[in-house]
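Residue-level structure breakdown
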Amino acid sequence: MSLKIKRKTLPEDHLSLAPTYNNIASVYKDMGDYSKALEFYEKSHKIDEKALPPNHPSMATSYNNIGLTYNNMGDYSKALEFYQKSHKIYEKALPPNHPNLATSYNNIGLTYNNMGDYSKTLEFYEKSHKICEKALPPNHPDLALSYNNIGLTYSNMGDYSKALEFYQKSHQICEKALPPNHPDLALSYNNIGAVYLDMGDYSSALEFFEKSHKIYEKALPPNHPDLALSYNNIGQVYNNMGDYLKTLEFCEKSHQIYEKALPPNHPSMATSYNNIGQVYNNMGDYSKALEFYEKSHKIYEKALPPNHFALAISYNNIGQVYNNMGDYSKALDYFEKGLEVTKKTFQEGSQAFASTYSWFGRVYRNLKTLPEKHPYQAITYSNVGDVHRLMGNYEKALAFHQKALNIQENVQCNPLDCALTYINLGETYREMKDYSMALVYFEKGLEIREKKLPKSHPDLAVVYHNMAKLYLATRKYSMTMKNIQQAVEIAKEKLPSTHPHLLEYKQTFEKIRKKM
């Protein structure tokens, strides 16, 4: 019976209207229209409130659906409020090891995860996991999902070895419980690939992302959104390897699927435009980057509430392009808009609030919400150190870079992050005219980049250029020329002719040629 017929034949608050409203809400949710989904979930909930006792399990489900919608809209405090209302009913209505209680703990954990409170996330995921272990057989797919969520939390906390441990536990269950081409097995490969990506092991990341992709190609229709996400992940690996043309190829494959599978204002379309914009930004094509970032932003403005954190990221991305283009007043304007949204969305001191400050000049990142030895802490210290270098405060620069190395040399992290710290240290010593120390750190950074990156990666050109300037200062002209030629060759191959780095390398080359 359609909604129109039911409305004509039944009173407005009839109990049979509630599931119809609920189904309509679910469709709007899947379409990414969260405000309409919320409207129909609330209509369903009002009927349930009148017709059912306050501790009825259906009331818990209703609260849960509203919480899920707020979570999708980025209003995490409201999501938490409704998830907790749902949980209180489940605690009274269900036995202590009921699977629905595990799901409830899981949802609360997910919300804390989105708020950046990973210790709370882990607490609730572990509560959920204990129930799953008691209530389910050892190879049940839901147990695999539970291991997966704990793995994701450790990944967010920067404990990649623990993340890998739990992802592999999840994967072992998936291999036993599922057919070889099941989409959940693809998701498991994908998650392991994501950890390797975070660890800077790009060959392993690509291997697992490609295993995941092969399953998706067999198991899903050609325009399924999960296939688009898979293309995007492979593109991300190529992006980190500096192969921006391959990155663009995979991002565009991903986008073509989204265009066919999703409505034009779906948030995933915005993310897709954003990813393409990022590639153009990395390639130094700032006008194209701006074009795609603005397409992304228009969708976010229509699809999301005004305080959603994705809008803050979008403002910051546009600001970064204007900064790269040298339009600093516009850059500042967009950075401040991003900061305003984040202030409204998160309390100061949350990790998400801090990350806006990190974009806001790549300087500030909250040093309280992450574990002391988290790899991101090291990146922050190195960023702060480099700002001190730019300000000519070399002693402070050295102190912060050393703090970064104290983490990076003692925990498992992306070796390329460590390489960047070495290079920042080298540049600090070069500006201090301590050329022997500068050379030591440039060579350490170069060794890592040469091992980890393709021979024509733009990040290698940066080091060669730095070393050319060093050798010029010490009058070792043959080494100077060798390094600047390598920098220029890479930049000519990989960067557009108008890219600022290429122009700078050419200027240095001319300066060296005149000296010789």
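Below or above, wherever it landed, is the structure these notes cover. Please read all numbers here as calculations on a predicted model, not as lab measurements.

**Quick word on the overall build of the protein chain**
Helix and strand counts for the protein chain stand at 25 helices and zero strands. Radius of gyration (C-alpha) of the protein chain: 26 Å, near the 24 Å computed for a compact globule of 516 residues. For the protein chain, the C-alpha atoms occupy an extent of roughly 90 × 45 × 45 Å along the three principal directions. Considering the protein chain as a whole, with its 516 residues, one finds that 51% of them fall into the buried category.

**Examining the environment of Met516**
Within the secondary structure layout, Met516 lies in the segment after helix 25 (500-515). In this structure the C-alpha to C-alpha distance between Met516 and Ser478, which are 38 residues apart in sequence, comes to 9.1 Å. Excluding residues within four positions of it along the chain, Met516 makes contact with Tyr477 and Met481.

**Side note on the nonpolar core**
Counting residues in each nonpolar core, the largest one holds 140 residues, and the members touching the most others are Val195, Tyr196, Val237, Tyr280, Met467, Ile484 and Tyr505. The leading source of residues in this core is helix 23 (residues 458-473), at nine residues. For this core, the domains that each give at least three residues are domain 1 (140-146 + 161-261) and domain 2 (462-469 + 479-515). Not counting residues within four places of it along the chain, the set of residues in contact with Tyr280 comprises Leu248, Glu252, Asp285, Lys288, Ala289 and Phe292.

**With respect to helix 24 (residues 477-494)**
In this model, helix 24 (18 residues) spans 26 Å end to end at C-alpha, consistent with the 26 Å of a helix rising 1.5 Å per residue. For helix 24, every residue scored as buried is listed here: Thr480, Met481, Asn483, Ile484, Ala487, Val488, Ile490 and Ala491. Buried residues along helix 24 sit against helix 23 and helix 25.

**Let's talk about the packing of helix 15 (residues 286-303) against helix 16 (residues 309-325)**
In the contact formed by helix 15 and helix 16, the axes pass within 10 Å of each other and the chain directions differ by 160°. As the angle between them shows, helix 15 and helix 16 are arranged roughly antiparallel. Here helix 15 and helix 16 pass one another in a crossing that is left-handed. Where helix 15 approaches helix 16, its residues Tyr286, Ala289, Leu290, Tyr293, Glu294, His297, Tyr300 and Glu301 are matched on the opposing element by Ala310, Leu311, Ser314, Tyr315, Asn317, Ile318, Val321, Tyr322, Asn324 and Met325.

**A look at helix 16**
Between the first and last C-alpha of helix 16 there are 25 Å, a value that for 17 residues agrees with the 24 Å anticipated at 1.5 Å per step. Taken across its 17 residues, helix 16 has 13 buried, putting it largely inside the fold. Backbone geometry just after helix 16 places Gly326 at a positive phi near 85°.

**A closer look at the packing of aromatic side chains**
Taken as a whole, this structure holds 19 aromatic pairs when the rule is applied. Taken together, a centroid distance of 5.8 Å and an interplanar angle of 20° make the contact between Tyr28 and Phe40 stacked. With Tyr28 in helix 2 (residues 17-30) and Phe40 in helix 3 (residues 34-51), this residue pair connects regions lying twelve residues apart in the sequence. Take Tyr28: its relative accessible area is 23%, and that puts it in the partly exposed class. Summarising the aromatic geometry, the rings of Tyr189 and Phe208 are spaced 6.1 Å apart at their centres and angled 45° between planes, so their arrangement reads as tilted. Of the two residues, Tyr189 sits in helix 10 (residues 183-199) while Phe208 sits in helix 11 (residues 202-219), which places them 19 residues apart along the sequence. The class for Phe208 is buried, based on a relative accessible area of 15%.

Conventions adopted
- Residues numbered from 1 in each chain as written.
- Predicted model: local features only at pLDDT ≥ 70, side-chain atom pairs only at ≥ 80, totals over all residues.
- Heavy atoms only, no water.
- Helix = DSSP H or I, 4+ residues; strand = E, 2+ residues; numbered from the N terminus.
- Rg over C-alpha atoms; globule rule 2.2 N^0.38 Å.
- Buried < 20%, exposed > 50% of the residue type's maximum accessible area, 1.4 Å probe, protein only.
- Contact = heavy atoms within 4.5 Å.
- Core = buried A, V, L, I, M, F, W, Y, C linked by side-chain atoms within 4.5 Å.
- Domains from an automatic or database assignment.
- Expected span 1.5 Å × (residues − 1).
- Axes fitted to C-alpha atoms, helices over the stretch in contact; angles between N-to-C directions.
- Parallel < 35°, antiparallel > 145°, perpendicular 65-115°, else oblique.
- Left-handed = near helix turned anticlockwise from the far one by under 90°.
- Phe/Tyr/Trp six-rings, centres within 6.5 Å; stacked < 30°, edge-to-face > 60°.

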